[in-house]
Amino acid sequence: MNIYETFNNLRYHHEDEVVEFKKAENSFSFDDLGKYFSALSNEANLRDKDFAWLVFGVHDKTREILGTSYKNGMKSLQKLKYDLSQHTTDRNTFRDIYELEVESKRVLMFQIPATPRGIPMAWQGHFYARRGESLVALDMSKYEEIRRQTSEFDWSKQIVDGAMIADLDAKAIKEAREGYKEHYPNQKKVVDTWSDEVFLNKAKLTIDGKMTNAAILLLGKPESLHYINHIGEIVWRLAGMDNVGQVFTIPFLLTTTEVMHKIRNYPFKIFPNNSFLPGEGMKYDNEVILEALHNCIAHQNYAENARIIVIERENELEFRNSGGFYDGSYEDYITGERIPKKYRNPFLAQAMANIKMIDTEGFGIHKMFVSQKDRYLPMPDYDKSDSDTVVLTLPGTVIDENYSLLLLENSDIDLATTVLLDKVQKGKANTLSSEAIKFLRSKKYIEGRMPKVYVSKQVAQVTDQKAEYSMHKGLEYKKCKALLQDALEDHKFLTREEIDKLWWNLLSDVLSDKQKKAKVGNMLTKMREERIIVNETKGNVSVWSLLKTKK
């Protein structure tokens, strides 16, 4: 669903606790904006919604489009996101701010993420909610309902009796400070004035100056491991080599880098067809290795008292940690659109986010997949056979040359399509839907008959078509523009769906369906900016018509 469809659904749906319309024609109180962010974020959590919406430029009763000049320009909106984050719980802010043109007027849509499970969202230290159409203080029953969402025992938050700052590694504290300054750049100067006690409390590694299991695990000296009821080890092993391996212990903030340096990493090249210029990359992305290790630490089930294990094989890495996926499955996080609502170790996860070891918005897995795609390598694999253990396999070499060449020579292939092609190259085409297979065939990305399909070898043909498309894209726009003008003269107005059908066969076959839709949107925007056409809403449908100019 595109953002215009989302807007129309919100506009013609009755206003409830997770949608708010405001006229905001010229201005809006920054303090009130923060209050609505807190209220809508809390209500989205309580109603099990991923997002809530605040919409400017629309009358809250009649839904009439009034338009808004609030924070005109993307630069101002991006600054607004940052400014808001300085006063909310855990520096949360809008997931996105969309600028729309509806009935020739500007509308703003603020996408507000639901507050994480167990953590009510505050604005300047106060909690807000909705009651019907009114903005009110978050009452105690709602506050407790959110807090009870993480009533499970959190091992990482437990106080360690007898442990002191002297039991922490000085280098680890220094590294944690640097990570904190990267995560909170506006506090760089003041962080250096804090004592270690103040810093550890601010980073939520300690509680009122008292050491926690999380603090010892991430920053503790090796000899302080006896304070926590856990083995506290990461084991690296070289497969196929007897007695080649090493055991690493705390502080994990430092030793994960030591594990990374143990792994044999080197550059590789892929030579595309008809070219002497290779695609180059490293066998493994160091940031992805650290991401995988840090995820193991953040999501480990510490009640099992188990080690984190890294097995290095000739062409792949395997990461193992105790405890299955806690909120959804790995597929939910590939696109980067889902935000985790709960954590097995919320205190530890928050501390690791504060010192920039992980993020808490679900982008970690997405980054791994994007990194593999950008280096033309197979996608990561998660073994789902054991619900009590997460097993991540990270390929470090080409499996099918055709797959890698296809990515190298066609940089516009999106991540979702890459994941489908990856399953084909790994012999898992039988796990794909018939619609997915049909789509890959339509793009000439695969050949063969089910179940024996494989990535197409006709890479050069695709590249030639792409070059031809680049030469003639100017002519393509002229044809589409003339055709739409003629159609609008005849029919007065057309919906976006009708325009898609009108232009579809004029667009290059090299483009995917998703890319064609984006192309149509870009050309419509260009025609609107050239004052040829205008967009408006008739009933509950968005339509396009010729702009009537005064004579």
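Residues numbered from 1 in each chain as written. Predicted model: local features only at pLDDT ≥ 70, side-chain atom pairs only at ≥ 80, totals over all residues. Heavy atoms only, no water.

In terms of regular secondary structure, the protein is built from 18 helices and 22 strands. If you take every contact in the protein between residues at least 6 apart in sequence, the share linking residues at least 24 apart comes to 64%. When the accessible surface of the protein is summed, it comes to about 27,300 Å², and 49% of that surface belongs to carbon and sulfur atoms. Positive and negative side-chain charges in the protein, numbering 79 and 81 respectively, have mean positions lying 4 Å apart. (Helix = DSSP H or I, 4+ residues; strand = E, 2+ residues; numbered from the N terminus. Contact = heavy atoms within 4.5 Å. Areas by Shrake-Rupley, 256 points an atom, 1.4 Å probe, with all protein chains shown as cover. Lys, Arg positive; Asp, Glu negative; His and termini not counted. Charge placed at Lys NZ, Arg CZ, Asp CG, Glu CD.)

Under the defined criterion, the tally for this structure stands at 25 salt bridges. Here D381 ties to K428 by a salt bridge, and the two come within 3.7 Å at their closest N and O atoms. Pair noted here: D381 is in strand β16 (residues 381-383) and K428 is in the loop between α14 (415-425) and α15 (434-442), with a separation of 47 residues, a long-range link. Between K481 and E530 there is a salt bridge, with the nearest N and O atoms lying 3.8 Å from each other. Here K481, found in helix α16 (residues 459-491), pairs with E530, found in the loop between α18 (513-529) and β21 (533-538); they are 49 residues apart in sequence, far enough to count as distant. (Salt bridge = Lys/Arg side-chain N within 4 Å of Asp/Glu carboxyl O.)

Another point: a negative patch on the surface. Negative charge collects at one region of the surface, where E304, D383, D386 and D388 lie side by side. Among the structural elements, D388 can be located in the loop between β16 and β17 (389-395). On the accessibility criterion, D388 (54% relative accessible area) is exposed. (Patch = residues over 30% accessible without salt bridge, like charges linked within 9 Å, V, L, I, M, F, W, Y side chains within 5 Å. Buried < 20%, exposed > 50% of the residue type's maximum accessible area, 1.4 Å probe, protein only.)

Time to look at the pairing of strand β3 (residues 96-102). Here β3 pairs with strand β4 (residues 105-113) via seven bridges, running antiparallel. Opposite Y98, over in β4, you have M109 as the bridge partner. (Pairing = 2+ DSSP bridges.)

Here three strands make up an open sheet; going across it, the order is β20-β22-β21 and the pairing antiparallel. This sheet does not close on itself; its edge strands, each paired only once, are β20 (493-495) and β21. On average, each strand axis in the sheet is inclined to that of its neighbour by 35°, with strand direction left out of account. One ladder, built from six bridges, connects β21 with strand β22 (residues 541-546); its direction is antiparallel. If you follow N535 over to β22, its bridge partner there is W544. Of the strands in this sheet, β20 and β22 touch helix α17 (residues 496-503), which is tilted by about 90° from β20. (Axes fitted to C-alpha atoms, helices over the stretch in contact; angles between N-to-C directions.)

Pairing is mixed across the open sheet formed by four strands, whose spatial order is β1-β2-β4-β3. A single partner strand is all that each edge strand has here, and the edge strands are β1 (19-22) and β3. Strand-to-strand twist across the sheet, computed as the mean angle between neighbouring axes with direction ignored, equals 20°. As defined by bridge partners, strand β2 (residues 51-56) adjoins β4 across six bridges and the pair is classed as antiparallel. Across the sheet, F56 pairs through a bridge with L108, a residue of β4. Along the sheet face, helix α3 (residues 74-85) touches β3 and β4 and points at about 145° away from the line of β3.

Turning to its location among the elements, T212 is positioned in the loop between β9 (210-211) and α8 (213-219). Taking the relative accessible area as the measure of exposure, T212 reaches 0% and is therefore buried. Polar side-chain contacts of T212 include one of 2.6 Å to the backbone oxygen of L205. There is a polar contact of 3.1 Å between the side chain of T212 and the backbone nitrogen of A215. T212 has contacts with S156, K157, Q158, I159, V160, L205, T206, I207 and F347, leaving out every residue within four places of it along the chain. (Polar contact = N/O pair within 3.5 Å; in protein donor to acceptor, adjacent residues only side chain to side chain.)

Core analysis: the biggest nonpolar cluster contains 94 residues, and F199, L218, L219, I297 and F319 have the highest contact counts within it. Once residues within four sequence positions are removed from consideration, L218 is found in contact with L205, P251, F252, L253, I297, L348, M352, I355 and M357. Listed in part, the 37 residues of the second largest apolar core include V19, W53, L100 and L108. (Core = buried A, V, L, I, M, F, W, Y, C linked by side-chain atoms within 4.5 Å.)

Attention shifts here to the packing of helix α2 (residues 30-46) against α3. At a minimum axis distance of 11 Å, the contact between α2 and α3 shows a crossing angle of 70°. Relative to α3, the element α2 is oriented roughly perpendicular. Counting all contacts with α2, which are made through F30, L33, G34 and F37, the residues of α3 involved are L80, D83 and L84. Broken down by class, the residue content of the contact of α2 with α3 amounts to five nonpolar, one polar and one charged. (Parallel < 35°, antiparallel > 145°, perpendicular 65-115°, else oblique. Nonpolar A, V, L, I, M, F, W, Y, C, P; charged D, E, K, R; others polar.)

This part is about helix α11 (residues 346-354). In terms of residue burial, α11 counts as a mostly covered element, since eight of its nine residues are buried. Burial in α11 covers these residues: F347, L348, A349, Q350, A351, M352, A353 and N354. For α11, the secondary structure elements touched by its buried residues are α5 (170-183), α7 (196-202), β8 (206-207), α8 and α10 (286-299). Taken from the residues just after α11, K356 is the one with a positive phi, measuring 60°.

The next point concerns the confidence of the model for the protein. On average, the protein scores 88 in pLDDT, and the residues at 70 or more come to 92%. Considering each helix and strand of the protein separately, the mean pLDDT is smallest for α16, with a value of 62, and largest for α8, with 98. Of the regions scoring below 50 in pLDDT, residues 459-473 engages in 23 contacts with residues more than four places distant in sequence or in other chains. (pLDDT = per-residue confidence, 0-100.)

Let's shift gears to the packing of aromatic side chains. Between two aromatic rings, the relevant description is the distance of the centres plus the angle of the planes. According to the stated counting rule, one finds 15 aromatic pairs in the structure shown. Seen in terms of ring centroids, F28 and Y36 are 6.4 Å apart; in terms of plane orientation they differ by 45°. Their pairing is tilted. Centre to centre, the rings of F325 and Y382 are 5.4 Å apart; their planes meet at 70°, and the pair counts as edge-to-face. Placement of the pair is F325 in the loop between β15 (316-322) and α11 and Y382 in strand β16, with a sequence separation of 57 residues. Through a chain of ring-to-ring contacts, three or more aromatic side chains come together here, namely F28, Y36, F37, F56, Y70, F94 and F110. (Phe/Tyr/Trp six-rings, centres within 6.5 Å; stacked < 30°, edge-to-face > 60°.)

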